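# Structure assessment
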Amino acid sequence: MTTQQTSQTMKPATAAKKLGVYLEATPAEFQEGVVTRAELTALQADPPAWLLDLRRDGPHPRPVVASKLGVSIAGLARGGVTEALTTEQIDALKQDAPEWLRHERSVQVDVRKETARIKELHQEQQEKRENQSR
């Protein structure tokens, strides 16, 4: 008896998320089909022109927008940004630096400092436990 190996597939939304692009901006054939792991790997290794254009110019999904602006996704929502933005729109926001963006960036800096402090504390506690167990 031979076994036939089937390739794993994913929904277009999952593939778009893994590629870091906004699904609604992808070609119709990408949105309507399924993507195999091999196809995803091929898209990542040798991106077609449409993928390069989307990554460069957008529109970008919220996680990418948040990253480019240096804020959290929740910070975007608090600032009223709920839709995908193009690179040009992101650059304009950076240039204008509205109050909400400055505030959310400072919040993000504080969150990163607190995360580093907690990580350091956990490492110290782990080292202390290891030293006690010896």
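Residues numbered from 1 in each chain as written. Predicted model: local features only at pLDDT ≥ 70, side-chain atom pairs only at ≥ 80, totals over all residues. Heavy atoms only, no water.

## Some thoughts on the layout of surface pockets
- The volume enclosed by the largest pocket comes to roughly 150 Å³.
- Lining the largest pocket are Ala13, Ala16, Lys17, Gly20, Val21, Leu23, Pro61, Pro63 and Val64.
- Going through the elements one at a time, helix H1 (12–19) and helix H5 (62–69) are the ones with two or more residues in the lining of the largest pocket.
- When residues in the lining of the largest pocket are grouped by element, the largest group, 3 residues, is from H1. (1 Å grid on protein atoms, 1.4 Å probe; cavity = no way out; pocket = protein on both sides within 12 Å on 5 of 7 lines; lining within 4 Å. Points joined across faces, edges and corners; volume = space filled by probe spheres on them. Helix = DSSP H or I, 4+ residues; strand = E, 2+ residues; numbered from the N terminus.)

## Details of the domain arrangement of the protein
- Segmentation of the protein into domains returns domain 1 (7–58) and domain 2 (59–133).
- Between domain 1 and domain 2, the contact holds 9 residues from the first and 8 residues from the second.
- Summed over both partners, the interface of domain 1 with domain 2 buries about 600 Å², with 59% contributed by carbon and sulfur atoms.
- Here domain 1 is connected to domain 2 by 0 salt bridges.
- Taken together, the connections running from domain 1 to domain 2 amount to 3 residue pairs in polar contact (both at pLDDT 80 or more). (Domains from an automatic or database assignment. Contact = heavy atoms within 4.5 Å. Buried area = accessible area lost by both parts, 1.4 Å probe. Salt bridge = Lys/Arg side-chain N within 4 Å of Asp/Glu carboxyl O. Polar contact = N/O pair within 3.5 Å; in protein donor to acceptor, adjacent residues only side chain to side chain.)

## Observations concerning the packing of H5 against helix H7 (residues 87–96)
- At their nearest, the axes of H5 and H7 sit 10 Å apart, and the two run at 35° to each other. With respect to the hand of their crossing, H5 and H7 are arranged in right-handed fashion. Touching Val65, Lys68 and Leu69 of H5 are Ile90, Leu93 and Lys94, all from H7.
- In terms of residue class, the contact of H5 with H7 is built from 4 nonpolar, no polar and 2 charged. (Axes fitted to C-alpha atoms, helices over the stretch in contact; angles between N-to-C directions. Left-handed = near helix turned anticlockwise from the far one by under 90°. Nonpolar A, V, L, I, M, F, W, Y, C, P; charged D, E, K, R; others polar.)

## A short note on the environment of glycine 58
- By the secondary structure assignment, glycine 58 is in the loop between helix H4 (49–57) and H5.
- On the basis of relative accessible area, glycine 58 is assigned to the buried category, the value being 13%.
- Sequence spacing of glycine 58 and threonine 87 is 29 residues, and the spatial spacing of their C-alpha atoms is 5.7 Å.
- In this structure, glycine 58 is in contact with Asp53, Thr86 and Thr87, ignoring residues within four places of it in sequence. (Buried < 20%, exposed > 50% of the residue type's maximum accessible area, 1.4 Å probe, protein only.)

## Overview of the side chain of threonine 26
- Within the fold, threonine 26 resides in the loop between H1 and helix H2 (28–32).
- Taking relative accessible area as the criterion, threonine 26 reaches 5% and is therefore assigned buried.
- In terms of polar contacts, threonine 26 uses its side chain to reach the backbone carbonyl oxygen of leucine 23, at 2.6 Å.
- Once residues lying within four places of it in the same chain are set aside, the contact partners of threonine 26 are Val21, Gln31, Trp50 and Leu54.

## Focus on the environment of glycine 70
- Looking at the secondary structure, you find glycine 70 in the loop between H5 and helix H6 (73–78).
- Since its relative accessible area comes to 22%, glycine 70 is described here as partly exposed.
- In sequence terms glycine 70 and alanine 45 are 25 residues apart; their C-alpha atoms lie 27 Å from each other.

## Some details on the side chain of histidine 60
- On the secondary structure map, histidine 60 appears in the loop between H4 and H5.
- We classify histidine 60 as buried; its relative accessible area is 2%.
- Within the structure, the side chain of histidine 60 is placed 3.5 Å from the backbone nitrogen of glycine 58, a separation counted as a polar contact.
- Within the structure, histidine 60 has its side chain in polar contact with the side chain of threonine 87 (distance 2.7 Å).

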